[in-house]
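# Structure assessment
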Amino acid sequence: MGLIKKYRNFWVYCFFGFLASLINIGIFDLSHNYFHITLWIANTIAWFISNFFSFFVTKLYVFKSEIENPKKLLKEGLYFLVSRIFSLIFDDIFMIVAVWIFPWNNLIVKAVDQLIVGLFNYFSSKLIFNYKNRHLIERLKGLKERRKSRNEA
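Keep in mind that this is a model prediction, so the values were computed, not measured. (Residues numbered from 1 in each chain as written. Predicted model: local features only at pLDDT ≥ 70, side-chain atom pairs only at ≥ 80, totals over all residues. Heavy atoms only, no water.)

All right, on to unusual backbone geometry then. Positive phi, normally seen in glycine, also occurs at histidine 36, with a value near 60 degrees. Structurally, histidine 36 can be placed in the loop between α2 (8-34) and α3 (39-62). (Helix = DSSP H or I, 4+ residues; strand = E, 2+ residues; numbered from the N terminus.)

The structure is reproduced here in structure tokens:
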């Protein structure tokens, strides 16, 4: 029971990450295999929709970070988006190489891709929403403000 509590965020993230991956794979499958949208565009559409879902569930249910105000929500959303853009670049390159260069099944490749991307996303999300070190961040801000006020005086 102690391991479950200790790694609660990881297990909850895995659950919601699995749901986000299903959304991603489903949207990709529909857009690429049924509507015949170009691979990287279909992949990017799937990424956008699944990450919109992922932002809110990761924030609210995984790391239990409240929506305090619009400014903070926008700031976290921006950090989240920037960190996820790195995973999008990897995602697109991986899909293009694995599907176009090697004739592998695009849904199998997408599933493997989602596992790799999911691990990266967990650790980047942990930095954005998990404020265990908030007191350190607040201290640094306080030091910065004190230096600024000393320089002005």
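Right, let's talk about the nonpolar core for a bit. In this structure, Phe28, Leu39, Ala42, Ala46, Met95, Ala98, Val99 and Val109 together form the largest nonpolar core, which totals 8 residues. Mapped by element, the contributors of at least two residues to this core are α3 and α4 (70-101). When neighbours within four sequence positions are excluded, alanine 46 is seen to be in contact with Asn24, Ile27 and Phe28. Among the nonpolar cores identified, the runner-up in size contains 7 residues, and Val12, Tyr13, Phe63 and Tyr122 belong to it. (Core = buried A, V, L, I, M, F, W, Y, C linked by side-chain atoms within 4.5 Å. Buried < 20%, exposed > 50% of the residue type's maximum accessible area, 1.4 Å probe, protein only. Contact = heavy atoms within 4.5 Å.)

This brings us to the UniProt feature "transmembrane region" (unreviewed entry) in the protein chain. The positions UniProt marks with the feature "transmembrane region" (unreviewed entry) are residues 10-28, 34-57, 78-102 and 108-129. When the span residues 10-28 is considered, its composition is 100% helix and 0% strand, and the gap between its end C-alpha atoms is 25 Å. Annotated as 83% helix and 0% strand, the span residues 34-57 places its first and last C-alpha atoms 28 Å apart. (UniProt positions renumbered as here; feature names shortened; annotations may be inferred.)

In this section: the environment of tyrosine 13. Tracing the chain through its elements places tyrosine 13 in helix α2. On the accessibility criterion, tyrosine 13 (6% relative accessible area) is buried. Residues tyrosine 13 and leucine 119 lie 106 residues apart in sequence; the distance between their C-alpha atoms is 9.9 Å. Setting aside anything within four residues of it in sequence, one finds tyrosine 13 in contact with Phe18, Thr58, Val62, Arg84, Gly118, Asn121, Tyr122 and Ser125. Reaching out from tyrosine 13, the side chain makes a polar contact with the side chain of arginine 84 at a distance of 3.3 Å. (Polar contact = N/O pair within 3.5 Å; in protein donor to acceptor, adjacent residues only side chain to side chain.)

With that out of the way, let us pick up the packing of aromatic side chains. Overall, the coordinates contain 10 aromatic pairs when judged by the stated rule. Ring centres 4.8 Å apart and planes at 15 degrees place the aromatic pair phenylalanine 102 and tryptophan 104 in the stacked group. On the basis of relative accessibility, which here comes to 38%, the residue phenylalanine 102 falls in the partly exposed class. Of the aromatic side chains, those joined through ring pairs into one cluster are Phe10, Trp11, Tyr13 and Tyr122. The side chain of lysine 110 reaches across the aromatic face of phenylalanine 28, ending 5.5 Å from its centre. (Phe/Tyr/Trp six-rings, centres within 6.5 Å; stacked < 30°, edge-to-face > 60°. Lys NZ or Arg CZ within 6 Å of the ring centre and 35° of its normal.)

This paragraph deals with the packing of α3 against α4. Two quantities define a packed helix pair, namely the angle between the axes and the distance from one axis to the other. In the contact formed by α3 and α4, the axes pass within 9 Å of each other and the chain directions differ by 145 degrees. As α3 packs across α4, the resulting crossing turns out to be right-handed. Here the contact of α3 with α4 is composed, by residue class, of 14 nonpolar, 6 polar and 5 charged. (Axes fitted to C-alpha atoms, helices over the stretch in contact; angles between N-to-C directions. Left-handed = near helix turned anticlockwise from the far one by under 90°. Nonpolar A, V, L, I, M, F, W, Y, C, P; charged D, E, K, R; others polar.)

What follows deals with the confidence of the model for the protein chain. Model confidence for the protein chain is summarised by a mean pLDDT of 84, while 90% of its residues fall at 70 or above. The secondary-structure element of the protein chain with the lowest mean pLDDT is helix α6 (residues 134-152), recorded at 67, while α2 shows the highest, at 92. (pLDDT = per-residue confidence, 0-100.)

This part covers the UniProt feature "domain: GtrA/DPMS transmembrane" (unreviewed entry) in the protein chain. UniProt's feature table lists "domain: GtrA/DPMS transmembrane" (unreviewed entry) at residues 13-128, given in the numbering used throughout. Helix and strand shares over residues 13-128 are 87% and 0% respectively, and the end C-alpha atoms of the span are 14 Å apart.

Where α2 contacts α3, the axes come no closer than 8 Å and their chain directions differ by 155 degrees. What the angle tells us is that α2 and α3 run roughly antiparallel. Note that α2 runs across α3; the crossing there is right-handed. Residue composition of the contact of α2 with α3, grouped by class: 18 nonpolar, 8 polar and 1 charged. (Parallel < 35°, antiparallel > 145°, perpendicular 65-115°, else oblique.)

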